[in-house]
Amino acid sequence: MAKVRIYQLAKELGMENAELLEILNEMGVSYKSHASTLEDETAQAVKEIIAEQRGLEEQRRREEEAKRAEEARKALPHRPPVVVIMGHVDHGKTSLLDYLRKSRIAEREAGGITQHVGAFEVKTKGGTVVFIDTPGHEAFTSIRQRGARVADIAVIVIAADDGIMPQTKEAIAHAKAAGAKIIFAANKMDLPQANLDKVYQDLMREQFVPEAYGGDAIVVPISAKTGQGVADLLDMILLVAELEDLRADPEAEPKGVILEARVDKQAGVLASMLVQEGTFRVGDYLVAGEVWGKIRAMRDSDDNQRKEAPPGSAVQVLGFSELPHAGEVVHWVPDQVAAKEIAEERILERKDREAGAETGLRARNIADLL
Ligand code: GDP
Ligand code: MG
């Protein structure tokens, strides 16, 4: 191997000659000048020392950055937890949502109109909770398939007269895969045949040890029919949310997720959006997958027109050009040109992918024939 001169090595390592000479001094290597040649072994040792130094620096820099990011996060305001209700068919998901919805309507003036915007808020003394307005895991799964993370907490309803059933297990698996915290609601406790112990034992079989048995699985006995225990459930949700320390930046670049969308004959495309970061405002441009829009109006679940939608708000957006998919991530864009460009780019990318897959397929078929 050709020997390397000190100045060459310095250049290779992207450092000053003086710096390298200092390292050589520390290593006790003797040399005449920066034009002196180094033994291969020495050059190798120098490289290792530099690599280690740089590695340590890089690590320190990364740690600093993480610390700063965490500090910045701690300075952000809290946001309400977003909760999805899942469970086996007929175990009471819809009833629980109805009860929660009703309880919040009852707090307002009688006859208040509510609007289905994909999610609704329940305000308690302890804080606000956002519930995704569709039970079951289909919506949840289709949202997750598009890569969006929506729910922080999954309330898994288990009828106490029935226990854990196949779809309960599915719901548990979905919640786990989505990284949502799980709270179990043992429902139908008003029925004489309700058996909380059976629910506990079923959970043990699924590797969840209930708090009543000394574990950390949260189980709240409720009745979606009488409302018994529902306040406790809300308290538990808020407690878990507090431990999760959920925060969002209302000043960040706005981001959200489509919960559902439909076409109204009169109004056009109506899309429900959950805002996750930043604040969307009427007049903003946005892109959801291959669809773009300009927010013409926003309406919340209390049927109020909204000029602004900060993190944690669910609003129905008027102004998408076409129907966006549920689960599509919504990004704010500065203007119409950017909005159209991004949407068109995405359409082209998809078509390219599809064409690519097609060509690949054809190529393989020809290969089969040869
Ligand atoms: P879902 O399929 O999980 O949405 O279940 P539903 O909410 O539709 O409830 C299924 C049935 O159980 C309905 O007849 C409800 O009235 C009933 N139900 C739900 N919750 C309770 C409850 O807490 N107590 C009693 N007694 N019945 C309930
Ligand atoms: Mg239902």
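Remember, predicted model here, so these are calculated numbers, not experimental data.

What counts and how
- Residues numbered from 1 in each chain as written.
- Chains lettered and ligands numbered in written order.
- Predicted model: local features only at pLDDT ≥ 70, side-chain atom pairs only at ≥ 80, totals over all residues.
- Heavy atoms only, no water.
- Patch = residues over 30% accessible without salt bridge, like charges linked within 9 Å, V, L, I, M, F, W, Y side chains within 5 Å.
- Areas by Shrake-Rupley, 256 points an atom, 1.4 Å probe, with all protein chains shown as cover.
- Salt bridge = Lys/Arg side-chain N within 4 Å of Asp/Glu carboxyl O.
- Helix = DSSP H or I, 4+ residues; strand = E, 2+ residues; numbered from the N terminus.
- Near = heavy atom within 4 Å.
- Polar contact = N/O pair within 3.5 Å; in protein donor to acceptor, adjacent residues only side chain to side chain.
- Nonpolar A, V, L, I, M, F, W, Y, C, P; charged D, E, K, R; others polar.
- Pairing = 2+ DSSP bridges.
- Axes fitted to C-alpha atoms, helices over the stretch in contact; angles between N-to-C directions.
- pLDDT = per-residue confidence, 0-100.
- Buried < 20%, exposed > 50% of the residue type's maximum accessible area, 1.4 Å probe, protein only.

Visitor: Looking at this model, I keep getting lost on a nonpolar patch on the surface. Mind explaining?
Guide: Side chains of Met204, Val209 and Tyr213 sit close together on the surface and give an oily, nonpolar patch of about 220 Å² of accessible area. Inspection of the secondary structure puts Tyr213 in the loop between helix H7 (196-205) and strand E8 (219-221).

Visitor: Is there a simple way to think about the site of ligand 1 in this case?
Guide: What surrounds ligand 1 is a group of 15 residues, the closest being Asp90, Lys93, Thr94, Ser95 and Asp190. Here Ser95 contributes a side-chain N or O atom positioned 2.6 Å from an oxygen atom of ligand 1. Asn187 has a polar side-chain atom sitting 3.1 Å from an oxygen atom of ligand 1. The element that contributes the greatest number of residues to the shell around ligand 1 is helix H4 (residues 93-106), accounting for 3 residues. Looking at the shell around ligand 1, its residues break down into 3 nonpolar, 7 polar and 5 charged.

Visitor: Which parts of the structure should I look at to understand the sheet that holds strand E4 (residues 119-124)?
Guide: Two orientations exist for strands paired in a sheet by backbone hydrogen bonds: parallel and antiparallel. Pairing is mixed in the open sheet, where 6 strands are placed in the order E4-E5-E3-E6-E7-E8. Every other strand in the sheet has two partners, leaving E4 and E8 as the edge strands with one partner each. Each adjacent strand pair in this sheet contributes to an overall mean axis angle of 30 degrees, direction not counted. Across 2 bridges, strand E3 (residues 82-87) lies against strand E5 (residues 127-132) in parallel orientation. Note on E5: the bridge partner recorded for Val82 is Val130.

Visitor: Help me understand the confidence of the model for the chain, please; the structure alone is not making it clear to me.
Guide: Low pLDDT means the predicted atomic positions in that stretch should not be read closely. Summing up the model confidence of the chain, the mean pLDDT is 89 and the portion of residues at 70 or higher is 90%. The complex prediction reports pTM at 0.78, with the ipTM value standing at 0.99.

Visitor: Any chance you could explain the pattern of salt bridges here in plain terms?
Guide: Opposite charge on two side chains lets them pair, provided their charged atoms get close. Per the stated rule, a full pass over the model turns up 24 salt bridges. A salt bridge links Glu206 to Lys169, with the shortest nitrogen-to-oxygen separation between them at 3.7 Å. Residue Glu206 is found in the loop between H7 and E8, and its partner Lys169 is found in helix H6 (residues 166-177); the two are separated by 37 residues along the sequence. Classification of Glu206 as partly exposed rests on a relative accessible area of 24%. Assessed through its relative accessible area of 44%, Lys169 is described here as partly exposed. The shortest N-O distance in the salt bridge between Glu290 and Arg350 comes to 2.5 Å. Of the two residues, Glu290 is situated in the loop between strand E12 (285-288) and strand E13 (291-299) and Arg350 in helix H9 (residues 336-369); the sequence distance between them amounts to 60 residues. Three or more residues joined by partner-sharing salt bridges are found here, namely Glu70, Arg73, Lys74, Asp245 and Arg247.

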